[in-house]
Amino acid sequence: MTGAIRECVEQDHVIEQVAQQYPCRVLWCEGRACLEYDTKEELDLIRAYIRDTFDKELLDVFFTAIERIPEDD
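Residues numbered from 1 in each chain as written. Predicted model: local features only at pLDDT ≥ 70, side-chain atom pairs only at ≥ 80, totals over all residues. Heavy atoms only, no water.

Chemist: Lay out the overall build of the protein in plain terms, naming residues and giving numbers.
Modeler: Looking only at helices and strands, the protein has three helices and three strands in total. The order of α-helices and β-strands along the protein, N terminus first, is α-β-β-α-α-β. Taking all 73 residues of the protein together, the buried fraction comes to 27%. Long-range pairs, those at least 24 residues apart, make up 53% of the contacts in the protein between residues at least 6 apart in sequence. Accessible surface for the protein amounts to roughly 5,400 Å². Of this, 49% is attributable to carbon and sulfur atoms. (Helix = DSSP H or I, 4+ residues; strand = E, 2+ residues; numbered from the N terminus. Buried < 20%, exposed > 50% of the residue type's maximum accessible area, 1.4 Å probe, protein only. Contact = heavy atoms within 4.5 Å. Areas by Shrake-Rupley, 256 points an atom, 1.4 Å probe, with all protein chains shown as cover.)

Chemist: Break down unusual backbone geometry for me, with residues and values.
Modeler: Even without being glycine, E30 reaches a positive phi, approximately 55°. Secondary-structure assignment places E30 in the loop between β1 (25-29) and β2 (32-37). With a phi close to 55°, D55 is a non-glycine residue in the positive phi region. Following the sequence through the fold, D55 ends up in the loop between α2 (40-54) and α3 (58-61).

What follows is the structure in structure tokens.
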């Protein structure tokens, strides 16, 4: 079998739900999910959503969370 194998299908479900509910991006680094968000407020909403909906902490689901760097025009 080739490609990265993630440990938990449940984690994939949480990641999928977050990506559908919020305008964030999920980046993959060495098989680990990283959350890219736009604002601190958005991160707080995502953190609360994961905690309230799935009874997990953000960093139990994502390896890390990074703020999106604005693109130059």
